[in-house]
Amino acid sequence: MASHTGKTGFGRLKGKRCLVTAAAQGIGRTTVETFLREDAELVVAVDFNGEKLKELQGLPGVDLRVLDVRDGPAIRKLSQELDTIDVLFNCAGYVHAGNILETTEERWDYTFDVNVKSMFHFIKAFLPKMIAKGKGSIINMSSAASTLRGIEARCVYGASKAAVIGLTKGVARDFVRQGIRCNVICPSPVATPSFSERAGDQSDSDKDHIEYLETKLIGRLATTQEVANLCLYLASDESSYHTGNVFTIDGGFTL
């Protein structure tokens, strides 16, 4: 990977202040590094895993925050501590495995709290300052397992990710005249540490998704950098005419 210092980037985020959740690993971490490489003035890296988050310590321009994305008061406090945020990337998510009969009410609530309500907290906390500035980009993480395609044993997960699409479109429509852009990314399975763990479980449907992508479609999983590149586009002014749009990055998974 190219240096995150910005010396090898193109300065597409020069002067921008960004916040990324689930920043300690996977898509979130790669996006943090990509934003820094593209000269972001500041990247606030949020994750509940403090030990893993420490691996980003020392990167120029990064501000590490250990925080549970379900903690509304802590998120509001964070927004008060930061002057302004130009880019908000809601990346945090939880993958529940099982059909509706195998799902408890507690797992349903936990899934929606992490996957949807966390976005409600962050958007509500940081949107006013974006509006005051007259400009801002919000990027939400959904999934191909949503309104795009039904996935075996992903009933609750798919429902939560479909809700993310509805949330995105609602925010985009309500604040389009205030200079706010809100878009949503829907990846197919991505080669992340958490996906590798699930795929190693022979009872989990992710092993079938891998085989489908590798043997019938593009031949491999998406990389975290490929998803981060899309985040970079949506964070930058290059995507200035995109709002309320659903960006599928799936190697043909939903064909």
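See the structure printed just above.
Bear in mind the structure is a predicted one, so any value in this text is a computation, not a measurement. (Residues numbered from 1 in each chain as written. Predicted model: local features only at pLDDT ≥ 70, side-chain atom pairs only at ≥ 80, totals over all residues. Heavy atoms only, no water.)

We now examine the overall build of the chain. Of the regular secondary structure elements, the chain holds 8 helices and 7 strands. Residues counted as buried form 50% of the 255 residues belonging to the chain. For the chain, restricting intrachain contacts to residue pairs at least 6 apart in sequence, the fraction spanning at least 24 positions comes to 72%. For the chain, the exposed area adds up to about 11,700 Å²; of that, 51% sits on carbon and sulfur atoms. (Helix = DSSP H or I, 4+ residues; strand = E, 2+ residues; numbered from the N terminus. Buried < 20%, exposed > 50% of the residue type's maximum accessible area, 1.4 Å probe, protein only. Contact = heavy atoms within 4.5 Å. Areas by Shrake-Rupley, 256 points an atom, 1.4 Å probe, with all protein chains shown as cover.)

Read from one edge to the other, the open sheet built from 7 strands follows the order E3-E2-E1-E4-E5-E6-E7, with strand pairing classed as parallel. Each end of this open sheet is capped by a strand with a single partner; those strands are strand E3 (62-66) and strand E7 (246-249). Along the sheet, successive strands turn relative to each other by an average axial angle of 15°, direction set aside. Relative to E7, strand E6 (residues 180-187) runs parallel, the two being bridged by 4 bridges. Directly across from Ile-185, in E7, lies its bridge partner Phe-247. (Pairing = 2+ DSSP bridges. Axes fitted to C-alpha atoms, helices over the stretch in contact; angles between N-to-C directions.)

Moving on, we get to the packing of aromatic side chains. Per the stated rule, a full pass over the model turns up 3 aromatic pairs. Plain terms: the ring middles of Tyr-94 and Tyr-110 are 4.9 Å apart, the flat faces sit at 85° to each other, and that makes the pair edge-to-face. Taken together, the residues Tyr-94 in the loop between strand E4 (87-90) and helix H4 (105-133) and Tyr-110 in helix H4 connect sequence positions 16 residues apart. In this structure Tyr-94 comes out as partly exposed when scored by relative accessible area, which is 21%. Ring geometry for Phe-122 against Phe-126: centres 6.3 Å apart, planes inclined by 10°, an arrangement best described as stacked. Here Phe-122 and its partner Phe-126 are both found in helix H4, 4 residues apart, which amounts to about one turn of the helix. The ring of Tyr-110 carries Arg-107 above its face, with NZ or CZ at 4.6 Å from the centroid. (Phe/Tyr/Trp six-rings, centres within 6.5 Å; stacked < 30°, edge-to-face > 60°. Lys NZ or Arg CZ within 6 Å of the ring centre and 35° of its normal.)

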